[in-house]
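Coordinates in review
Chain by chain, the residues:
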Amino acid sequence: MKIRENRTFAQVEVGETAQLTRLCTIDDLYAFASASGNHNPLHLAGYDGDGDGRPEAVAPALWPAGLIAAVLGNILPGAGTQTRRVNLSFHVPVIAGDELTAGVTVVEKLSDGDLRCAAEVRRVSDNALILSGEVQVTPPAKHMAFDSVEVPGLIVQRHRHFDALIAKAEPLEPMPTAVVAPEEPNALGGALLGHSKSIITPILVGDPEKIAAAAAALEADLSGIEVIEATSHEVAAHKAVDLVVEGRAQTLMKGHLHTDVLLHAVLRRERGLRTSRRLSHVFVMDVPGFSRPIMVTDAAVNIAPDLETKADIVQNAIRLAQSIGIETPKVGVLSAVETINPHMQSSVDAALLSKMAERGQITGGMVDGPLAMDNAVDLNAARTKGITSQVAGSADILVAPNIEAGNMVAKQLTYMSHAEAAGIVVGAAAPIILTSRADDDASRLASCAVAALHAQANKGKIHG
C-alpha cells in the first residue's frame, strides 16, 4: 500500500483510528519463511505440520501482527513511527486464503511523547477476532508527506500451476507410456518419477543392459516394470510406436535418443501416428509470479513454418490448452510489431491467422496478431499501445514466428525468469513427452501430467 501523510505527536488526537485490509496468500507464507528463517512446516502449503493428516498453511502469529505494524508505519501515526512495546494476544489462527482487517486506535498520549494504541486484527468473512492488545509507539518528530516509497517487488519461486496440473492428473488411471531408449539416468529417471506418482505406467523399450545400468545409477528397482528389448534406437522407436498403434500404450516418451529418430517412426506411412495435422511442439510453462501458465509454440519441431503449418501449430496448441483446463484459450501470434508490415512476413501471417480464426478455420480459441511480446502478456503495455483486443495483455498461448524465436522465448523464461517447462509434441494420434537432459524433476513430472491430461481429454479421437 502507499505511504500517506504522517502525523506528529501534536497532530494526533486520542480516539483516532486507522485500518487496512489484506488477503493472506500462500506466497506470503513462503516469503515470511524466507525472510524470518522460520521454516516450520505448519506454516507452509503442502505439508502436514502437526500430524493430523492434512496440510495446514497456518500463518505464523507474527504475520498478522505485521499488519498492525503496517497500519502504524503507513497510516497512523505514519512514516517515521518507532515501536517501543507490544502486548498482543492471539485468539484464532490465520489460514492462507483468509482476508483480514487490521485496526489501530489511539488510546492515550503519554507524557514522554509516546502514544498508547489499541490494536486488533479480525477476519473479514465472519468478524472473528484474530489478535488483540496494545502497542506503544513513538510518533514521528517531523510532519512529512511522501509521493511514493519504492519497495522492490518479490516473486516467490513456486510453481503452483504445475502443482495444480499434477494434482489434476494424479486421480486418473496411470497412462501406459512407451518410453523410448531410457538408457541413461536422466532419461529413465523422468519415467520412474511419473510412475512413482501413478501418472504413467512406463513400458521401457531399449537395450536391457543399458536400462539396467541406468537404474543401478539411480538405485532404482525396476521390478514389475516391463522392458522390451530393442537392438538400436531406430528399432526402439518403431517398437514403441507399435505399442501405441496396438493400443498397449497411450503415449510416447522420448528417452536417450535423437528427436528426429523418434519422429521418423511416428510419421511412418504404415502403422504410424499421422493425423490430418502437422506435428508441433508446445512448452507449457509455469513462470513464478505469473497468474496463469503460459504456452510457447513451436520451439522444437517446425523450423520455419509457413502459414498452413502455423495454422496447425495454433490449432494443436488450442487443443492442448483445453486439455489442461483452459476452456477458451487466448492465442497471441507474435511478431516484432503489433501492426501489419508487408515487409515483415511474421506480421502478415499473424493477421491472416487471426482472420482464419474469425472465419472458423481455426476453432476453440481466440486468436489475435500481430502482437509484440510485451503487449501479448502485459495489459498495461497493450493499453499504452492503444490495442483493443480480448487477447492482448492476457494471452495463454504465444505463437512464435519461427523455431529460433520460440526457443529463445522459452529459454529466457526458464533461465532468467526461473520458469519450469513441460515439453509435449502434439498433432499425432498420441501425445509425445519430449524432455531434455537439463530438465529437473518438476519439469519431467509436469510433462507426464500434461500428456496424461491430453490423452484423457482426447481418448478415442484422432486429431491429437
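Rules of the game
- Residues numbered from 1 in each chain as written.
- Predicted model: local features only at pLDDT ≥ 70, side-chain atom pairs only at ≥ 80, totals over all residues.
- Heavy atoms only, no water.
- Buried < 20%, exposed > 50% of the residue type's maximum accessible area, 1.4 Å probe, protein only.
- Helix = DSSP H or I, 4+ residues; strand = E, 2+ residues; numbered from the N terminus.
- Arc of directions from axis to C-beta.
- Contact = heavy atoms within 4.5 Å.
- Polar contact = N/O pair within 3.5 Å; in protein donor to acceptor, adjacent residues only side chain to side chain.
- Core = buried A, V, L, I, M, F, W, Y, C linked by side-chain atoms within 4.5 Å.
- Salt bridge = Lys/Arg side-chain N within 4 Å of Asp/Glu carboxyl O.
- Pairing = 2+ DSSP bridges.
- Axes fitted to C-alpha atoms, helices over the stretch in contact; angles between N-to-C directions.

**Describing helix α5 (residues 208-218)**
If you check which residues of α5 are buried, you get I211, A214 and A215. Mapping the buried residues of α5 onto a view down its axis gives an arc of 100°, with all of them on the same face. Exposed residues pointing more than 90 degrees away from the buried face of α5 are listed as E209, A216 and A217. As for α5, its buried residues are in contact with α4 (185-196), β7 (200-206) and β8 (226-229). N-capping of α5 is provided by D207, with a side-chain oxygen placed 2.9 Å from the backbone N of E209. Count one or two residues on from α5 and you reach E219, which has phi positive near 55°.

**Quick look at unusual backbone geometry**
A cis amide bond, omega 0°, links L76 with the succeeding residue P77. Note on placement: P77 falls in the loop between α2 (62-74) and β2 (82-90). A cis amide bond links G369 to the next residue, P370, at an omega of 5°. By the element assignment, P370 lies in strand β13 (residues 366-371). With a phi angle near 55°, A181 is a residue other than glycine that sits in the positive phi range. Position of A181 relative to the elements: it lies in the loop between β6 (175-180) and α4. In this structure, H418 takes a positive phi of about 60° despite not being glycine.

**Some thoughts on the environment of S354**
Along the chain, the position of S354 falls in helix α9 (residues 345-358). Relative accessible area serves as the criterion here: at 8%, S354 is assigned to the buried category. Here the alpha-carbon distance between S354 and A321, two residues 33 residues apart in the chain, equals 18 Å. Those residues in contact with S354, other than ones at most four positions away along the chain, are V367, D368 and G369. Looking at S354, its side chain comes within polar contact range of the main-chain oxygen of V367, at 3.2 Å.

**Some details on the nonpolar core**
In summary, soluble globular proteins display a tendency toward joint burial of nonpolar side chains. Ranked by size, the top nonpolar core spans 54 residues in total, and within it I199, V284, I362 and V367 carry the most contacts. Counting residues per element, this core draws most heavily on helix α13 (residues 441-457), which supplies nine residues. In this structure, I199 is in contact with I166, A169, E170, E173, P174, M175, G194, L445, C448, A449 and A452, ignoring residues within four places of it in sequence. Core analysis: the second largest hydrophobic core is formed by 30 residues, A65, L67, V71 and V137 among them.

**With respect to the pattern of salt bridges**
Under the counting rule described, the total for this entry stands at 18 salt bridges. As a salt-bridge pair, R123 and D126 come within 2.9 Å of each other at their nearest N and O atoms. Here D126 falls in the partly exposed class, since its relative accessible area comes to 44%. R248 serves as the salt-bridge partner of E226, at 2.7 Å between the closest nitrogen and oxygen. Within this pair, whereas E226 is found in strand β8, its partner R248 is found in the loop between α6 (233-245) and β9 (251-254), the two being separated by 22 residues in sequence. Judged by relative accessible area, R248 falls into the partly exposed class, the value being 39%.

**Structural notes on the sheet that holds strand β5 (residues 129-138)**
With respect to topology, five strands assemble into an open sheet ordered β1-β3-β4-β5-β2, the strand pairing being antiparallel. Edge positions in the sheet fall to β1 (17-23) and β2, since each of these pairs with one other strand and no more. Across the sheet, the axes of successive neighbouring strands diverge by a mean angle of 20°, strand direction being ignored. Each of β1, β2, β3 (99-109), β4 (115-123) and β5 is contacted by α2, which is oriented at about 55° to β3, the strand it contacts most.

**Some remarks on the sheet that holds β6**
Two strands in a sheet stick together by hydrogen bonds in their backbones, pointing the same way (parallel) or opposite ways (antiparallel). Spatially, 11 strands are ordered β8-β7-β6-β9-β16-β15-β10-β11-β14-β12-β13 in an open sheet, and the strand pairing comes out mixed. Of all strands in the sheet, those bounded by a partner on one side alone are β8 and β13. As defined by bridge partners, β6 adjoins β7 across six bridges and the pair is classed as parallel. Bridging across to β7, V180 finds its partner in V205. The sheet contacts of α9 involve β12 (330-334) and β13, and relative to β13 the element is tilted by about 160°.

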